[in-house]
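Letter by letter, the chains look like this.
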Amino acid sequence: MPEMPEVQGLVAFLGERAVGRTITRTSVGAIAALKTFDPPNTALHGAQITASTRHGKFIVLSCGDDLHLVFHLAKAGWLRWYEMLPVTLIKPGKSPIALRVALNDDSGFDLTEAGTKKSLAVYVVRDPQDVPGIARLGPDPLDDSFDRAAFAALLDGRRTQIKGLLRDQSVLAGIGNAYSDEILHAARMSPYAIAATLDEAEIDRLFTAMRTTLTDAVAEASGKPPSDLKDAKRRGMQVHARRGEPCPVCGDTVRSVFFADRSLEYCPTCQTGGKPLADRRLSRLLK
(Lines give C-alpha, C1' and ligand atoms only; values in the text may rest on other atoms or scores of the structure.)
Protein backbone atom coordinates (compact mmCIF):
# COMPACT_ATOMS: atom_id res chain seq x y z
CA MET A 1 0.00 0.00 0.00
CA PRO A 2 1.35 3.45 -0.83
CA GLU A 3 1.96 5.36 2.40
CA MET A 4 2.88 8.93 3.22
CA PRO A 5 6.36 9.01 1.62
CA GLU A 6 5.23 7.50 -1.69
CA VAL A 7 2.05 9.58 -1.73
CA GLN A 8 4.12 12.71 -1.08
CA GLY A 9 6.39 11.67 -3.95
CA LEU A 10 3.36 11.40 -6.24
CA VAL A 11 2.04 14.76 -5.03
CA ALA A 12 5.36 16.43 -5.79
CA PHE A 13 5.55 14.77 -9.21
CA LEU A 14 2.03 15.90 -10.10
CA GLY A 15 2.87 19.35 -8.81
CA GLU A 16 5.64 19.55 -11.41
CA ARG A 17 3.85 17.82 -14.32
CA ALA A 18 0.12 18.50 -13.89
CA VAL A 19 -0.30 21.81 -12.07
CA GLY A 20 -0.94 24.59 -14.56
CA ARG A 21 -2.39 22.22 -17.15
CA THR A 22 -6.05 21.84 -18.05
CA ILE A 23 -8.02 18.61 -17.77
CA THR A 24 -9.52 17.87 -21.16
CA ARG A 25 -11.14 14.52 -20.42
CA THR A 26 -11.75 11.98 -17.65
CA SER A 27 -12.65 8.39 -18.45
CA VAL A 28 -14.02 6.12 -15.71
CA GLY A 29 -12.93 2.51 -16.10
CA ALA A 30 -14.28 1.21 -12.79
CA ILE A 31 -17.55 2.85 -11.85
CA ALA A 32 -17.33 1.45 -8.30
CA ALA A 33 -14.17 3.48 -7.73
CA LEU A 34 -16.05 6.77 -8.23
CA LYS A 35 -17.58 7.55 -4.85
CA THR A 36 -19.31 10.86 -5.66
CA PHE A 37 -21.80 12.09 -8.26
CA ASP A 38 -22.22 15.79 -7.46
CA PRO A 39 -20.24 17.45 -8.94
CA PRO A 40 -19.99 14.91 -11.77
CA ASN A 41 -16.55 13.88 -12.98
CA THR A 42 -17.30 15.77 -16.20
CA ALA A 43 -17.17 19.01 -14.17
CA LEU A 44 -13.39 18.59 -14.32
CA HIS A 45 -13.37 18.93 -18.11
CA GLY A 46 -11.88 22.29 -19.04
CA ALA A 47 -10.71 22.98 -15.47
CA GLN A 48 -7.12 24.04 -14.83
CA ILE A 49 -5.21 22.19 -12.09
CA THR A 50 -3.99 24.80 -9.62
CA ALA A 51 -2.50 22.72 -6.79
CA SER A 52 -1.36 19.22 -5.83
CA THR A 53 -1.52 18.42 -2.12
CA ARG A 54 -1.62 15.52 0.31
CA HIS A 55 -3.98 14.73 3.19
CA GLY A 56 -2.70 11.60 4.90
CA LYS A 57 -2.67 9.03 2.08
CA PHE A 58 -5.14 11.02 -0.04
CA ILE A 59 -3.96 12.97 -3.09
CA VAL A 60 -5.85 16.16 -3.92
CA LEU A 61 -5.64 17.86 -7.30
CA SER A 62 -7.36 21.21 -6.93
CA CYS A 63 -8.95 23.13 -9.78
CA GLY A 64 -9.40 26.44 -8.00
CA ASP A 65 -11.01 26.67 -4.58
CA ASP A 66 -14.31 24.94 -5.36
CA LEU A 67 -13.46 21.85 -7.40
CA HIS A 68 -11.10 19.04 -6.38
CA LEU A 69 -10.20 15.62 -7.71
CA VAL A 70 -9.33 13.44 -4.72
CA PHE A 71 -8.10 9.87 -4.80
CA HIS A 72 -6.86 7.21 -2.42
CA LEU A 73 -4.81 4.38 -3.93
CA ALA A 74 -5.71 1.88 -1.19
CA LYS A 75 -3.77 -1.39 -1.02
CA ALA A 76 -3.15 -2.22 -4.67
CA GLY A 77 -3.65 1.05 -6.52
CA TRP A 78 -1.08 3.11 -8.36
CA LEU A 79 -0.67 6.10 -10.65
CA ARG A 80 0.73 5.54 -14.15
CA TRP A 81 1.97 8.71 -15.84
CA TYR A 82 2.24 9.20 -19.61
CA GLU A 83 4.00 12.00 -21.44
CA MET A 84 1.77 10.96 -24.35
CA LEU A 85 -1.50 9.50 -23.07
CA PRO A 86 -2.70 6.41 -24.97
CA VAL A 87 -5.70 6.98 -27.24
CA THR A 88 -7.11 3.48 -26.84
CA LEU A 89 -10.59 3.35 -25.34
CA ILE A 90 -10.99 2.04 -21.81
CA LYS A 91 -13.42 -0.88 -21.54
CA PRO A 92 -15.02 -0.76 -18.08
CA GLY A 93 -14.40 -3.95 -16.17
CA LYS A 94 -11.91 -5.21 -18.76
CA SER A 95 -8.70 -3.52 -17.56
CA PRO A 96 -7.01 -2.50 -14.30
CA ILE A 97 -7.63 1.19 -15.12
CA ALA A 98 -10.06 2.83 -12.70
CA LEU A 99 -9.72 6.38 -14.02
CA ARG A 100 -7.90 8.08 -16.89
CA VAL A 101 -7.19 11.82 -16.80
CA ALA A 102 -6.14 13.58 -20.01
CA LEU A 103 -4.39 16.95 -19.99
CA ASN A 104 -4.19 19.65 -22.62
CA ASP A 105 -0.56 18.95 -23.59
CA ASP A 106 -1.48 15.31 -24.47
CA SER A 107 0.05 14.01 -21.24
CA GLY A 108 -2.01 12.47 -18.46
CA PHE A 109 -2.30 9.58 -16.06
CA ASP A 110 -4.19 6.42 -15.23
CA LEU A 111 -5.20 5.31 -11.77
CA THR A 112 -4.85 1.53 -11.78
CA GLU A 113 -5.67 -1.20 -9.32
CA ALA A 114 -4.36 -4.77 -9.33
CA GLY A 115 -6.07 -7.81 -7.87
CA THR A 116 -9.70 -8.70 -7.31
CA LYS A 117 -10.33 -6.77 -4.10
CA LYS A 118 -11.11 -3.27 -5.32
CA SER A 119 -10.63 -0.48 -2.77
CA LEU A 120 -9.23 2.42 -4.81
CA ALA A 121 -11.46 5.45 -4.31
CA VAL A 122 -11.99 8.58 -6.43
CA TYR A 123 -13.96 11.67 -5.39
CA VAL A 124 -14.90 14.89 -7.16
CA VAL A 125 -15.82 17.39 -4.46
CA ARG A 126 -16.17 21.10 -3.77
CA ASP A 127 -14.12 20.83 -0.57
CA PRO A 128 -11.61 18.06 0.36
CA GLN A 129 -13.22 17.92 3.79
CA ASP A 130 -16.31 16.53 2.06
CA VAL A 131 -14.38 13.26 1.70
CA PRO A 132 -15.18 11.24 4.86
CA GLY A 133 -11.69 9.72 5.06
CA ILE A 134 -10.09 13.18 5.02
CA ALA A 135 -12.55 14.65 7.51
CA ARG A 136 -11.62 12.07 10.15
CA LEU A 137 -7.83 12.16 9.71
CA GLY A 138 -5.63 12.67 12.74
CA PRO A 139 -2.61 15.03 12.71
CA ASP A 140 0.16 14.64 10.16
CA PRO A 141 3.25 13.34 12.01
CA LEU A 142 5.55 15.55 9.92
CA ASP A 143 3.59 18.73 10.48
CA ASP A 144 5.72 21.39 12.19
CA SER A 145 3.05 21.84 14.86
CA PHE A 146 3.08 18.15 15.79
CA ASP A 147 5.85 18.09 18.39
CA ARG A 148 6.92 15.62 21.04
CA ALA A 149 4.43 17.02 23.57
CA ALA A 150 1.55 16.59 21.12
CA PHE A 151 2.66 13.02 20.46
CA ALA A 152 2.83 12.21 24.18
CA ALA A 153 -0.66 13.64 24.68
CA LEU A 154 -1.93 11.48 21.86
CA LEU A 155 -0.54 8.32 23.55
CA ASP A 156 -1.78 9.21 27.03
CA GLY A 157 -4.46 6.86 28.29
CA ARG A 158 -4.69 4.74 25.14
CA ARG A 159 -4.79 1.05 26.04
CA THR A 160 -3.94 0.14 22.46
CA GLN A 161 -1.04 -1.80 20.96
CA ILE A 162 1.38 0.70 19.50
CA LYS A 163 1.51 -0.98 16.10
CA GLY A 164 -2.24 -0.55 15.64
CA LEU A 165 -2.20 2.99 16.97
CA LEU A 166 0.47 4.11 14.49
CA ARG A 167 -1.64 2.69 11.64
CA ASP A 168 -4.91 4.26 12.80
CA GLN A 169 -5.58 7.12 10.38
CA SER A 170 -7.89 8.86 12.84
CA VAL A 171 -4.96 9.04 15.28
CA LEU A 172 -2.05 9.76 12.91
CA ALA A 173 -2.42 10.47 9.21
CA GLY A 174 -0.32 8.71 6.61
CA ILE A 175 1.43 5.80 8.36
CA GLY A 176 0.55 2.28 7.24
CA ASN A 177 1.74 -1.26 7.78
CA ALA A 178 5.21 -0.90 6.26
CA TYR A 179 6.36 2.29 7.92
CA SER A 180 4.90 1.34 11.30
CA ASP A 181 7.16 -1.75 11.16
CA GLU A 182 10.13 0.45 10.26
CA ILE A 183 9.39 3.03 12.96
CA LEU A 184 9.06 0.41 15.69
CA HIS A 185 12.29 -1.28 14.60
CA ALA A 186 14.13 2.06 14.70
CA ALA A 187 12.63 2.74 18.15
CA ARG A 188 13.61 -0.76 19.42
CA MET A 189 10.03 -1.35 20.50
CA SER A 190 7.69 -4.34 20.40
CA PRO A 191 4.69 -3.90 18.10
CA TYR A 192 2.55 -5.16 20.99
CA ALA A 193 3.68 -2.50 23.50
CA ILE A 194 0.69 -0.69 24.98
CA ALA A 195 0.70 3.03 24.16
CA ALA A 196 -0.40 4.22 27.60
CA THR A 197 2.37 2.29 29.38
CA LEU A 198 5.32 3.83 27.52
CA ASP A 199 7.71 5.75 29.75
CA GLU A 200 9.29 9.08 28.86
CA ALA A 201 12.43 7.52 27.36
CA GLU A 202 10.35 5.18 25.20
CA ILE A 203 8.17 8.07 24.00
CA ASP A 204 11.34 10.00 23.12
CA ARG A 205 12.68 7.07 21.11
CA LEU A 206 9.41 6.44 19.33
CA PHE A 207 8.84 10.09 18.41
CA THR A 208 12.40 10.46 17.13
CA ALA A 209 12.15 7.20 15.17
CA MET A 210 8.84 8.25 13.63
CA ARG A 211 10.06 11.66 12.49
CA THR A 212 13.42 10.38 11.25
CA THR A 213 12.03 7.35 9.42
CA LEU A 214 9.32 9.34 7.63
CA THR A 215 11.54 12.34 6.88
CA ASP A 216 14.22 10.11 5.35
CA ALA A 217 11.66 8.18 3.30
CA VAL A 218 10.03 11.37 1.99
CA ALA A 219 13.47 12.65 0.98
CA GLU A 220 14.22 9.37 -0.78
CA ALA A 221 10.93 9.58 -2.72
CA SER A 222 11.47 13.21 -3.69
CA GLY A 223 12.14 13.80 -7.36
CA LYS A 224 11.39 10.23 -8.44
CA PRO A 225 8.79 9.42 -11.11
CA PRO A 226 5.91 7.13 -10.15
CA SER A 227 7.57 4.18 -11.88
CA ASP A 228 10.53 4.33 -9.46
CA LEU A 229 8.76 4.96 -6.15
CA LYS A 230 7.86 1.36 -5.29
CA ASP A 231 11.41 0.11 -5.75
CA ALA A 232 12.76 3.04 -3.71
CA LYS A 233 10.39 2.10 -0.90
CA ARG A 234 11.46 -1.55 -0.94
CA ARG A 235 15.15 -0.65 -0.93
CA GLY A 236 14.70 1.50 2.16
CA MET A 237 13.02 -1.16 4.30
CA GLN A 238 15.05 -2.56 7.21
CA VAL A 239 12.57 -5.22 8.39
CA HIS A 240 9.27 -4.84 6.56
CA ALA A 241 8.81 -7.57 3.91
CA ARG A 242 12.26 -8.95 4.86
CA ARG A 243 11.20 -12.08 6.72
CA GLY A 244 14.05 -14.55 7.01
CA GLU A 245 16.74 -11.98 6.21
CA PRO A 246 19.34 -10.77 8.73
CA CYS A 247 18.51 -7.62 10.65
CA PRO A 248 20.86 -4.89 9.35
CA VAL A 249 21.38 -3.65 12.92
CA CYS A 250 22.12 -6.81 14.92
CA GLY A 251 22.16 -9.71 12.45
CA ASP A 252 19.28 -11.63 14.05
CA THR A 253 16.71 -13.12 11.67
CA VAL A 254 13.73 -10.90 10.85
CA ARG A 255 10.47 -12.61 11.87
CA SER A 256 6.84 -12.20 10.82
CA VAL A 257 3.45 -12.39 12.46
CA PHE A 258 0.67 -13.16 9.99
CA PHE A 259 -2.89 -11.88 10.19
CA ALA A 260 -5.85 -12.39 7.86
CA ASP A 261 -4.86 -9.78 5.28
CA ARG A 262 -1.39 -8.60 6.25
CA SER A 263 1.71 -9.37 8.26
CA LEU A 264 4.09 -7.46 10.48
CA GLU A 265 7.84 -7.87 10.53
CA TYR A 266 10.21 -7.26 13.43
CA CYS A 267 13.61 -8.16 14.85
CA PRO A 268 13.44 -10.16 18.12
CA THR A 269 16.85 -8.98 19.35
CA CYS A 270 16.19 -5.30 18.64
CA GLN A 271 12.55 -5.19 19.69
CA THR A 272 11.38 -8.01 21.96
CA GLY A 273 14.34 -8.94 24.13
CA GLY A 274 15.25 -11.84 21.85
CA LYS A 275 11.89 -13.57 22.22
CA PRO A 276 9.80 -14.37 19.13
CA LEU A 277 6.18 -13.30 19.03
CA ALA A 278 3.51 -15.96 18.66
CA ASP A 279 1.87 -15.95 15.26
CA ARG A 280 -1.65 -14.94 16.27
CA ARG A 281 -3.26 -11.55 16.54
CA LEU A 282 -3.60 -11.19 20.30
CA SER A 283 -0.47 -13.07 21.31
CA ARG A 284 1.82 -12.16 24.12
CA LEU A 285 5.53 -12.88 24.14
CA LEU A 286 6.13 -16.61 24.12
CA LYS A 287 7.11 -17.95 27.49
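Scroll up a little and you will see the structure.
**Details of the overall build of the protein chain**
Secondary structure summary: the protein chain contains eight helices and ten strands in total. Overall, the protein chain is about 60 × 35 × 30 Å in size when its C-alpha atoms are taken along their principal axes. Split into buried and exposed, the 287 residues of the protein chain put 50% on the buried side. Across the protein chain, the fraction of contacts at a sequence separation of at least 24, relative to all contacts at a separation of at least 6, is 64%. Accessible area for the protein chain stands at about 13,600 Å²; split by element, carbon and sulfur atoms hold 51% of it. Side chains of the protein chain give 37 positive and 34 negative charges; the mean places of these two sets differ by 8 Å.

**Details of the side chain of R100**
By the element assignment, R100 lies in strand β6 (residues 97–103). A polar atom in the side chain of R100 sits 3.4 Å from the backbone oxygen of P86. For R100, the side chain forms a polar contact with the side chain of D110, separated by 2.7 Å. In contact with R100, other than residues within four places in its own chain, are R25, T26, S27, L85, P86, T88, I90, F109 and D110.

**Re the sheet that holds strand β8 (residues 121–125)**
Here four strands make up an open sheet; going across it, the order is β2-β3-β4-β8 and the pairing antiparallel. Because the sheet does not close on itself, it has two edges, and the strands there are β2 (51–55) and β8. Taking the axes of each pair of neighbouring strands and ignoring which way they run, one obtains an average angle of 20° across the sheet. In the packing of helix α1 (residues 4–17) onto the sheet, the strands contacted are β2, β3 (58–62) and β4 (68–72), and the crossing angle to β2 comes to about 170°.

**Digging into a negative patch on the surface**
Together, D65, D66, D127 and D130 make up a negatively charged patch on the protein surface. Within the secondary structure, D65 sits in the loop between β3 and β4.

**Focus: helix α5 (residues 177–186)**
The α-helix advances 3.6 residues per turn, and as a result positions three or four apart in sequence lie on the same side. Among the ten residues of α5, nine are classified as buried, and the element is accordingly described as predominantly covered. Where the residues of α5 are buried, they touch α1, α4 (162–167), α6 (200–221), α7 (226–236), β10 (263–266) and α8 (268–271). With its phi angle positive at about 55°, R188 sits one or two positions after the end of α5.

**Considering the layout of surface pockets**
Approximately 1,200 Å³ is the volume found for the largest pocket. If you trace the largest pocket, you find 37 residues lining it, with M1, P2, K57, A74 and K75 closest to the centre. Of all the elements in the fold, those that place two or more residues in the lining of the largest pocket are β5 (77–82), β8, α5 and α7. When residues of the lining of the largest pocket are assigned to their parent elements, the largest contribution, three residues, is made by α7.

**A look at the pattern of salt bridges**
Summed over all chains, the structure comprises 13 salt bridges. In this structure, the salt-bridge partner of R54 is D140, at a minimum N-O distance of 2.8 Å. Note that R54 is positioned in strand β2 and D140 in the loop between α2 (132–135) and α3 (148–155), a separation of 86 residues in sequence. The exposure class assigned to D140 is buried, which follows from its relative accessible area of 18%. Between E220 and K224 there is a salt bridge whose closest N-O contact spans 3.3 Å. Within this structure, E3, E6 and K233 form a network of salt bridges that share partners.

**A word on the side chain of E113**
Its place among the elements puts E113 in strand β7 (residues 108–113). For E113, which is buried and forms no salt bridge, the nearest opposite charge comes from K118, at a distance of 5.0 Å. A polar contact is formed between the side chain of E113 and the backbone nitrogen of L120, at a distance of 2.9 Å.

**A few points about unusual backbone geometry**
Of note, the amide linkage connecting D38 to P39 takes the cis form, showing an omega dihedral of 5°. Tracing the chain through its elements places P39 in the loop between β1 (23–28) and β2. In this structure, A74 takes a positive phi of about 55° despite not being glycine. Among the structural elements, A74 can be located in the loop between β4 and β5. By relative accessible area, A74 is classed as buried at 7%.

**Side note on the sheet that holds β7**
Strands sit in the order β1-β6-β7-β5 across an open sheet of four strands; the sheet is antiparallel. Pairing within the sheet leaves two strands with one partner each, and these edge strands are β1 and β5. Each adjacent strand pair in this sheet contributes to an overall mean axis angle of 15°, direction not counted. Strand direction decides the pairing type here: β5 and β7, joined by six bridges, are antiparallel. Within β7, the residue paired with W81 across the bridge is F109. The strands that α1 touches are β5 and β7; relative to β5, the one it contacts most, it runs at about 25°.

Analysis parameters
- Residues numbered from 1 in each chain as written.
- Predicted model: local features only at pLDDT ≥ 70, side-chain atom pairs only at ≥ 80, totals over all residues.
- Heavy atoms only, no water.
- Helix = DSSP H or I, 4+ residues; strand = E, 2+ residues; numbered from the N terminus.
- Buried < 20%, exposed > 50% of the residue type's maximum accessible area, 1.4 Å probe, protein only.
- Contact = heavy atoms within 4.5 Å.
- Areas by Shrake-Rupley, 256 points an atom, 1.4 Å probe, with all protein chains shown as cover.
- Lys, Arg positive; Asp, Glu negative; His and termini not counted.
- Charge placed at Lys NZ, Arg CZ, Asp CG, Glu CD.
- Polar contact = N/O pair within 3.5 Å; in protein donor to acceptor, adjacent residues only side chain to side chain.
- Pairing = 2+ DSSP bridges.
- Axes fitted to C-alpha atoms, helices over the stretch in contact; angles between N-to-C directions.
- Patch = residues over 30% accessible without salt bridge, like charges linked within 9 Å, V, L, I, M, F, W, Y side chains within 5 Å.
- Salt bridge = Lys/Arg side-chain N within 4 Å of Asp/Glu carboxyl O.
- 1 Å grid on protein atoms, 1.4 Å probe; cavity = no way out; pocket = protein on both sides within 12 Å on 5 of 7 lines; lining within 4 Å.
- Points joined across faces, edges and corners; volume = space filled by probe spheres on them.

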